[in-house]
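The residues making up each chain are set out below.
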Amino acid sequence: MDHVADPALAAFVAAARATPATPARTVGAGPVRRGQRARAAVRPPGPALAEVSDEPVAGVPVRIYRPAQSRATIVYAHGGMWVIGDLESHDRACRLLAEATGATVIAVDYRRAPEHPWPAAVDDVVAVLQHAIAAGGTVCVMGDSAGGNLATLACLRLRDAGEPLPYAQILLYPNTDLTLSRPSTRTKATGWALDTDDVAWGAELWVPDPAMRTDPRVSPLYADLHGLPRAVVVTVEHDPLRDEGDEYADRLRAAGVPAVHRCEAGLVHGFLTMDLVSPACAKAAERVFADITALLADA
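Let me sum up the structure you'll find in this document. (Residues numbered from 1 in each chain as written. Predicted model: local features only at pLDDT ≥ 70, side-chain atom pairs only at ≥ 80, totals over all residues. Heavy atoms only, no water.)

### With respect to the environment of Asp 123
Argument step 1. Take Asp 123: it is sitting in helix H5 (residues 120-134).
Argument step 2. Spatially, the C-alpha atom of Asp 123 lies 9.6 Å from that of Val 60, the residues being 63 residues apart in sequence.
Argument step 3. If sequence neighbours within four positions are ignored, Asp 123 has contacts with Arg 111 and Arg 157. (Helix = DSSP H or I, 4+ residues; strand = E, 2+ residues; numbered from the N terminus. Contact = heavy atoms within 4.5 Å.)

Here is the structure:
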């Protein structure tokens, strides 16, 4: 096996390879969602905060995590191939994020494919982000995986409409190219916690027309990136999405957008929600929280 960040993560990868999951396209959205909910239900809860509430914002269901004293707002879009993931799958991560950064976190329960294909999820994230920006203060948008895709698509839509933008975008192992044509989609296609075919399944459900998957409204790697908010982009070594995330960070910088970027060695896709699996994953999450804290200190 290639270098893995720590023994606990190596054991996790080895166990997953020993009993590989049935492909998502074979199982279907409903059973995959139920399996994820079951795993989330037995995960230890994250830290207690001053207030956690479920409520609608701009007509979109959200969960708001408020620390005792809030220094900023982070609108958060969860990952899950545009098909799975919800408020429960990322509840622990959002609690840790709010505690570590001192920011109010608004987790968006956006509509998912196949019931709601593009652009429903983008519409929901944009609506919540617009509301947060209008309320004032420092606002960032953040997402992991498919949520990273939604976060940057929301920024692109606001920019193109001439509307106020968030202060920063924080993107963790983001989907930026729905064609899945970069080399890492082949070299890391299976055996690393996320399979390329599962991502392809999600992309097909969210954007059924293959010809549209190079449209910058769904694949930000094909967009003009000038004028976007400053960014933090974190990718990981063992991830089919690594190359498109790395390239996106490079393209942001080429467009004059300040961007902090690193590729975490030895890690796999999804480290933000794997802090209980591996100390290395927990440390990587702490580095992201430190990046955000540093961004907010300069706001």
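### Points about the pattern of salt bridges
Argument step 1. Applying the stated criterion to the full structure yields 22 salt bridges.
Argument step 2. Across the pair Arg 111 and Asp 124 runs a salt bridge whose closest N-O atoms are separated by 2.9 Å. With a gap of 13 residues between them, Arg 111 in the loop between strand E4 (104-108) and H5 and Asp 124 in helix H5 connect regions that are remote in the sequence.
Argument step 3. Through salt bridges with shared partners, a single network forms among Asp 54, Arg 63, Glu 88, Asp 91 and Arg 95. (Salt bridge = Lys/Arg side-chain N within 4 Å of Asp/Glu carboxyl O.)

### Some words on the side chain of Asp 6
Argument step 1. Its location among the elements puts Asp 6 in the segment before helix H1 (7-18).
Argument step 2. At 2.8 Å, the side chain of Asp 6 and the side chain of Ser 278 are in polar contact. (Polar contact = N/O pair within 3.5 Å; in protein donor to acceptor, adjacent residues only side chain to side chain.)

### Examining the packing of helix H4 (residues 91-101) against helix H10 (residues 279-298)
Argument step 1. Two elements in contact, H4 and H10, have axes separated by 9 Å at closest approach and are oriented at 45 degrees. Taken together, H4 and H10 sit at an angle that is classed as oblique. Classified by chirality, the crossing of H10 by H4 is right-handed. Side by side, H4 and H10 meet where Leu 96, Leu 97, Ala 100 and Thr 101 of the first sit next to Phe 289, Ile 292, Thr 293 and Leu 296 of the second.
Argument step 2. Residues that form the contact of H4 with H10 fall into these classes: six nonpolar, two polar and no charged. (Axes fitted to C-alpha atoms, helices over the stretch in contact; angles between N-to-C directions. Parallel < 35°, antiparallel > 145°, perpendicular 65-115°, else oblique. Left-handed = near helix turned anticlockwise from the far one by under 90°. Nonpolar A, V, L, I, M, F, W, Y, C, P; charged D, E, K, R; others polar.)

### Considering unusual backbone geometry
Argument step 1. In the segment running from Ala 113 into Pro 114, the intervening peptide bond is cis, with an omega of 0 degrees.
Argument step 2. If you trace the backbone, Pro 114 turns up in the loop between E4 and H5.
Argument step 3. The linkage connecting Trp 118 with the following residue, Pro 119, adopts the cis geometry, with an omega of 10 degrees.
Argument step 4. Topologically, Pro 119 is positioned in the loop between E4 and H5.
Argument step 5. The backbone of Tyr 173 shows a phi angle near 35 degrees, a positive value even though the residue is not glycine.
Argument step 6. The topology assignment puts Tyr 173 in the loop between strand E6 (168-172) and helix H7 (184-187).

Spatial relationships are all this shows, so hold off on functional conclusions.
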